[in-house]
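Read off the chains here:
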Amino acid sequence: MTPFAQLPSADGVWTDLRLAPEALGEGSTAVDDAAIVVQHGHIVWVGERRALPAAHAQGPQHAGHGALVTPGLIDCHTHLVYGGQRANEFAMRLAGASYEEVARAGGGIVSSVRATRAASEDELFALAAPRLQALLNEGVCAIEIKSGYGLSLEHERAQLRVARRLGEHFGVTVRTTFLGAHALPPEYAGRSQAYIDTVCHEMMPALAAEGLIDAVDVFCETIGFSLAETEQVFRAAQRLSLPVKLHAEQLSDMGGSALAARYGALSCDHIEHLSDAGIAAMKQAGTVAVLLPGAYYFLRDTHLPPIAALRAAGVPMAVSTDHNPGTSPTLSLLLMLNMACTLFRLTVPEAVAGVTRHAARALGLQHSHGQIAVDQPANFVLWPLGEVAELAYWLGQHPQPTVVRQGRITSH
Ligand code: NIG
Ligand code: FE
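Here is a short report on the structure shown in this document. (Residues numbered from 1 in each chain as written. Chains lettered and ligands numbered in written order. Predicted model: local features only at pLDDT ≥ 70, side-chain atom pairs only at ≥ 80, totals over all residues. Heavy atoms only, no water.)

1. Quick word on the sheet that holds strand β4 (residues 61–71)
- Spatially, 7 strands are ordered β3-β2-β1-β4-β13-β14-β15 in an open sheet, and the strand pairing comes out mixed. Each end of this open sheet is capped by a strand with a single partner; those strands are β3 (42–48) and β15 (408–409).
- Pairing analysis gives 5 bridges linking strand β1 (residues 12–19) to strand β2 (residues 31–39), with the strands arranged antiparallel. Across the sheet, the residue bridging to valine 13 is valine 37, located in β2. (Pairing = 2+ DSSP bridges. Helix = DSSP H or I, 4+ residues; strand = E, 2+ residues; numbered from the N terminus.)

As structure tokens, then:
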């Protein structure tokens, strides 16, 4: 594979483009004959081609051939770095066991912890690289990667270091999230409070000092951590000035979303069992609702997230793969667009905003990602598609777009 730094530069004038609605930001309409000018890897001009100033029309010319253009996609919730896989648990669940029963029987997250701890950083990188490549091939230009399968300082560090390395190697924006409070590691069985103390007082400060944490997350659930434990982790994050987010209300209503909103959370994710009070708190705090239809589908969940109420309240909704070996082993963000529409009844514009503008906000990247705007790094996708609804329409099509990522042309 060509090293990222040797890929062709996207600098120059891109013409014969059709900008998708919302590509230029909230409420913008489609532009049929558009141009984008890139200099030094950044967008310096975008708009209708006939308005292109002569001063910007010089330089290398890139023909868009009428492609439909969106901002680079953003996958704002993944657990991409781990060892092993859990197809056996999929089979157990098909034979009648529930996700909670598999977890209580020593499977679930803890089985991925065993496989992740057994792998070296190089092995974890080699396993995660093709997963990331699959997402990038579908136009992903920024991705969140969580820890949470190490559950010790040494192994959480390995996961986060691999996440950073993936970002550098592939030239993609990576936001790392420390999810030390994902499950109770076996060596702390029956000592949940002691583990949370370790997460808050040892692991988080050390990893933050190493520059490995962009945000902090907790799995707040009956099979995860309690509301009180979640708050302790949030307080520790606050002491280190790290933003928080939460796996909230996936299997039951724990009130985690309202708590997260009180801590100014970037996002609350899953939220199938979110209450009206949780929605109101998220609206007030500007917290993004991250919808994960892959996990909903794969767990054969039937309890829909409260989409209509979120919409009515004006809470921004993002859509993500939640890629992980237990509940969402998908590597297609476009498939998640389809599922967000078919299963959750999002409209096409909502789904597209969910993997661009709102996903950027869920990562605190709203000033640099999620729309095509002057002064932002050049991240945009040229789709060989007739209309924007096709992004959510084809099932497993892999449309092979040309992707401009961090100012380089990454595929043809
Ligand atoms: O987002 N809910 C907790 N965390 C993951 C699942 C992790 C696993 O089962 O390995 C999720 O669904
Ligand atoms: Fe998750």
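Anyway, onward from the coordinates.
2. Comments concerning the packing of aromatic side chains
- Under the definition given, this model contains 8 aromatic pairs.
- Here the aromatic rings of tryptophan 14 and phenylalanine 380 are separated by 5.7 Å at their centres, their planes lie at 90°, and the arrangement is edge-to-face. Here tryptophan 14 is found in strand β1, whereas its partner phenylalanine 380 is found in strand β13 (residues 380–383), with 366 residues between them in sequence. The same class applies to tryptophan 14 as to phenylalanine 380, namely buried.
- Among the aromatic residues, those joined into a ring-pair cluster are Tyr188, Tyr195 and Phe225.
- Directly above the ring of tyrosine 82 sits arginine 131, whose terminal nitrogen or CZ lies 3.7 Å from the centroid.
- Over the ring of phenylalanine 125 we find arginine 165; its NZ or CZ atom is 4.3 Å from the centre of that ring. (Phe/Tyr/Trp six-rings, centres within 6.5 Å; stacked < 30°, edge-to-face > 60°. Buried < 20%, exposed > 50% of the residue type's maximum accessible area, 1.4 Å probe, protein only. Lys NZ or Arg CZ within 6 Å of the ring centre and 35° of its normal.)

3. Re the coordination of the iron ion (ligand 2)
- Around the iron ion (ligand 2), the donor atoms from the protein are His77 (NE2), His79 (NE2), His247 (NE2) and Asp322 (OD), and they sit 2.1 to 2.4 Å away.
- Between the donor residues of the iron ion (ligand 2), the gaps in sequence give the motif H-x1-H-x167-H-x74-D. Residue histidine 79 is found in the loop between β5 (73–75) and α1 (87–94), and its partner histidine 247 is found in strand β9 (residues 245–248); the two are separated by 168 residues along the sequence.
- Accessibility expressed as a relative area gives 2% for histidine 79, which makes it buried. (Donors = N, O, S within 2.8 Å, 3.2 Å for Na, K, Ca; no water.)

4. Focus on the environment of valine 31
- Here valine 31 is to be found in strand β2.
- Using a relative accessible area of 13% as the deciding quantity, one classes valine 31 as buried.
- Linking valine 31 and valine 69, residues 38 residues apart in sequence, is a C-alpha distance of 9.7 Å.
- Excluding its chain neighbours within four sequence positions, the residues that come into contact with valine 31 are Leu17, Arg18, Leu19, Leu24 and Glu48. (Contact = heavy atoms within 4.5 Å.)

5. Observations concerning the pairing of strand β11 (residues 288–291)
- Burial of the side chains of β11 extends over both faces: Val288 and Val290 are buried on one face and Ala289 and Leu291 on the other.
- When strand β10 (residues 267–270) meets β11, the two strands line up parallel, connected through 3 bridges. From the neighbouring strand, cysteine 268 faces β11, where its bridge partner is alanine 289.
- You can see the chain leave β10, run along helix α9 (residues 276–285) and come back into β11, and the turn it takes is right-handed.
- Summarising the sheet, β11 and strand β12 (residues 317–319) pair through 3 bridges and their orientation is parallel. Across the sheet, residue alanine 289 finds its bridge partner in β12, namely methionine 317. (Right-handed = clockwise from strand over helix to strand, strands pointing away.)

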